[in-house]
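Take a look at the letters that make up each chain.
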Amino acid sequence: MRPEEALARARERAAAARAAGGYEDPGGFTIEPRERIGTDQLMEWAVLEPDESIMHSTRRFGAPITWIKQRLVHVLRQYHGELTADQTRFNMHLLIHVAELEDRLARVEAERDALRVDADA
Amino acid sequence: MNVHQVLSGAGPHDAVSNQARAFRGLFGQWGWGGQDVAAGIDPRVGRSFAPLAALAPAPGDTLLIHYSAYAPKLRGVLERPERKVLLSHNVTPARWFWDYEPRIAIQCALGRQQLPEYAARCEVVAGVSAFNAAELGSDRVVPILFDPAGLGAPRTQEPAGPPNLLFVGRLAPHKRQDELIRLVVLLRANGVPDARLTLVGEPMKPWYLEELRRLAGMLAPGAVTFKTGLTTAELAAEYRAASLFVGLSEHEGFCIPLLEAFHVGVPVIVRPVGGTPEVAGDAALFASDPDLAVTAELCRLALEDTELRATLRERGAARVAHFAHGPVAAQLRALLDR
């Protein structure tokens, strides 16, 4: 078979196998690109909850450095807590404003559409 | 002549750092001087790159900016009076990272946003593929300088053992290792019960490797092997043991592993995205259908049909010749020479 013929042949074989009950979806998580970030997702991301365990050293044999860095983060947790609380408060209020603006825009667009219908009538 | 290379980040295994090292070797052969600097340097890199602050070009020198990520610290380089050449290695679209690694997503989004500005402020703009160059309105291409020496000679016989699919690339969302895991599951359930998959590459983050391991363990226990931090000799052994190279990435600026597979003589199946069609030419089977069943059948054909395998091997060798060291070095020199 020439390479140029392979795709058409593969499509035929896949269709035939499917018709015979083959190629069931194996499931499991699937990577999905995120084209547009919705408000619900932004709300979830707005709350900062850093995980201490992600602090690590990239050095070879860096385990002791990782341990020290994680302890350092731990002892600074009160300070980081203040900072993340401030940032989370800002994020949440900003998102609430955005959500309210979206609602108002939707209402204005609906009213405009209704006016257009009346004018056309 | 002095050419200073400027990178946003230097790492031990990434394609851009490897390319900069290869370029420096060529510059040395041509009798050119200069130094290589990076805004961020992985501690594992050693002394092959100096911090950006060490950049001290003389009047008349050339600055070669390798652009592959958001790099606010490189902005100062744009202000310099020396001649600037931008080589775009492409930046992955942020949409692949928002859900998984926000810091990388932000860097990708900003990186793509600032790339046109960088291009506008450089005297010469090129890409490592026509796809990359076209994004910047350029038609100047300097492909990746591919040196197969470390991989040894092309293999002369097929690997023994069960069919082994191989993919080499960073463990990251847009590389779609999750699809490859599902692909091997489908193959095992549909005519190739002993199919195996080897995934070679550095994880974007340790947790992402664990997620993929969990997926593989759940869907195909024992059939998927992950290998990281390989030496060139170990990588060559993986290619020699592979029945097929399968790449289902959703974004590739160039994809060096295609050339590596061609060199060793491994038939290639790849998704036609970004720079892969121009690198693979007519030497690969293109998995253009999103339906994994079709890709699985392409794999079965490439595993079973000896004539098809032989043609792909032959064409692959021709693609490696197309990207031979000499012509690419000449393209690089033409780009940098005044």
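Predicted model, so just to flag it, every value in this text is computed and none were measured. (Residues numbered from 1 in each chain as written. Chains lettered and ligands numbered in written order. Predicted model: local features only at pLDDT ≥ 70, side-chain atom pairs only at ≥ 80, totals over all residues. Heavy atoms only, no water.)

Our next topic: a nonpolar patch on the surface. Residues and elements named next belong to chain A. On the surface, Leu 72, Val 75, Leu 76, Tyr 79 and Leu 83 cluster together into a nonpolar patch covering about 480 Å² of accessible area. At the level of elements, helix 3 (63-75) and helix 4 (77-120) are the ones that each hand at least two residues to the nonpolar patch. Tyr 79 gets classed as partly exposed once you look at its relative accessible area, which sits at 47%. (Patch = residues over 30% accessible without salt bridge, like charges linked within 9 Å, V, L, I, M, F, W, Y side chains within 5 Å. Areas by Shrake-Rupley, 256 points an atom, 1.4 Å probe, with all protein chains shown as cover. Salt bridge = Lys/Arg side-chain N within 4 Å of Asp/Glu carboxyl O. Helix = DSSP H or I, 4+ residues; strand = E, 2+ residues; numbered from the N terminus. Buried < 20%, exposed > 50% of the residue type's maximum accessible area, 1.4 Å probe, protein only.)

Time to look at the nonpolar core. Residue and element names in this part refer to chain B. Core analysis: the biggest nonpolar cluster contains 124 residues, and Leu 86, Ile 181, Tyr 239 and Phe 245 have the highest contact counts within it. Sorting elements by how many residues they give to this core places helix 10 (residues 292-304) first, with eight residues. Each of domain 1 (3-146 + 324-336) and domain 2 (148-322) gives at least three residues to this core. When residues no more than four places from it in sequence are discounted, the contact partners of Tyr 239 are Leu 151, Arg 155, Leu 166, Val 168, Phe 245, Pro 257, Glu 260, Ala 261, Val 264 and Val 266. With seven residues, the next largest nonpolar core counts Ala 10, Val 16, Ala 38 and Phe 49 among its residues. (Core = buried A, V, L, I, M, F, W, Y, C linked by side-chain atoms within 4.5 Å. Domains from an automatic or database assignment. Contact = heavy atoms within 4.5 Å.)

This brings us to helix 2 (residues 39-46) of chain A. Residue pairs three or four apart in sequence face the same way in an α-helix, which turns once every 3.6 residues. All names here are of chain A. Listed as buried for helix 2 are Thr 39, Gln 41 and Ala 46. Down the axis, helix 2 shows its buried residues gathered within 155° of arc, on one side only. Exposed residues lying more than 90 degrees from the buried face of helix 2 are Asp 40 and Glu 44. (Arc of directions from axis to C-beta.)

On inspection of all chains with the given rule, the structure shows 33 salt bridges over all chains. One salt bridge connects Asp289(B) with Arg11(A), and the closest N-O pair in it is separated by 2.6 Å. In this pair, Asp289(B) sits in the loop between strand 12 (284-286) and helix 10 while Arg11(A) sits in helix 1 (residues 3-19), so the two residues belong to two different chains. The class of Asp289(B) is buried, set by a relative accessible area of 14%. You can call Arg11(A) partly exposed: its relative accessible area is 39%. The residue Asp36(B) makes a salt bridge to Arg24(B) at a minimum N-O spacing of 2.7 Å. Here Arg24(B) lies in helix 1 (residues 15-29) and Asp36(B) lies in strand 2 (residues 36-41), a separation of 12 residues in the sequence.

Residues and elements named next belong to chain B. Note that strand 1 (residues 3-10) and strand 2 share five bridges and pair parallel. In the strand pairing of strand 2, Ala 10 is matched with Ile 41. Of the crossover connections in this fold, the one passing from strand 1 over helix 1 to the parallel strand 2 is right-handed. Summarising the sheet, strand 2 and strand 3 (residues 50-51) pair through two bridges and their orientation is parallel. Along strand 3, the bridge assignment pairs Ala 38 with Pro 51. (Pairing = 2+ DSSP bridges. Right-handed = clockwise from strand over helix to strand, strands pointing away.)

Compared with an ideal rise of 1.5 Å per residue, which puts 17 residues at 24 Å, helix 1 of chain A spans 25 Å between its outermost C-alpha atoms and is within 8% of the ideal. Turning to helix 1 of chain A, its buried residues number three or more, namely Pro3(A), Ala6(A), Leu7(A), Ala10(A), Arg13(A), Ala14(A) and Ala17(A). Of the surrounding elements, those touching the buried residues of helix 1 of chain A are strand 12, helix 10 and helix 11 (306-322) of chain B. Immediately downstream of helix 1 of chain A, the backbone of Gly21(A) shows phi near 95°, a positive value. (Expected span 1.5 Å × (residues − 1).)

Here the focus is the sheet that holds strand 1 of chain B. Residue and element names in this part refer to chain B. Taken in spatial order, the six strands line up as 3-2-1-4-5-6 in an open sheet, and their pairing is parallel. Every other strand in the sheet has two partners, leaving strand 3 and strand 6 (124-127) as the edge strands with one partner each. Most of the contacts of helix 12 (residues 325-336) go to strand 5 (residues 83-88), to which it runs at about 145°, and overall it touches strand 1, strand 4 (62-67), strand 5 and strand 6. (Axes fitted to C-alpha atoms, helices over the stretch in contact; angles between N-to-C directions.)

Residue and element names in this part refer to chain B. Per the domain assignment, the segments making up chain B are domain 1 (3-146 + 324-336) and domain 2 (148-322). Computed over C-alpha atoms only, the centres of domain 1 and domain 2 are separated by 27 Å. With 23 residues of domain 1 at the interface, the matching set in domain 2 holds 28 residues. For the pair domain 1 and domain 2, the two sides together bury roughly 2,000 Å², of which 72% comes from carbon and sulfur. Summed over the three residues of domain 1 that lose the most area to domain 2, namely Trp 96, Phe 131 and Phe 146, the buried surface amounts to 35% of that side. Taken together, the connections running from domain 1 to domain 2 amount to zero salt bridges. On inspection of domain 1 and its partner domain 2, the count reaches seven residue pairs in polar contact (both at pLDDT 80 or more). Every element with two or more residues in the side of domain 1 that touches domain 2 is listed here: helix 3 (102-120) and helix 4 (130-135). The residue inventory of the side of domain 1 that touches domain 2, partitioned by class, reads 14 nonpolar, six polar and three charged. (Buried area = accessible area lost by both parts, 1.4 Å probe. Polar contact = N/O pair within 3.5 Å; in protein donor to acceptor, adjacent residues only side chain to side chain. Nonpolar A, V, L, I, M, F, W, Y, C, P; charged D, E, K, R; others polar.)

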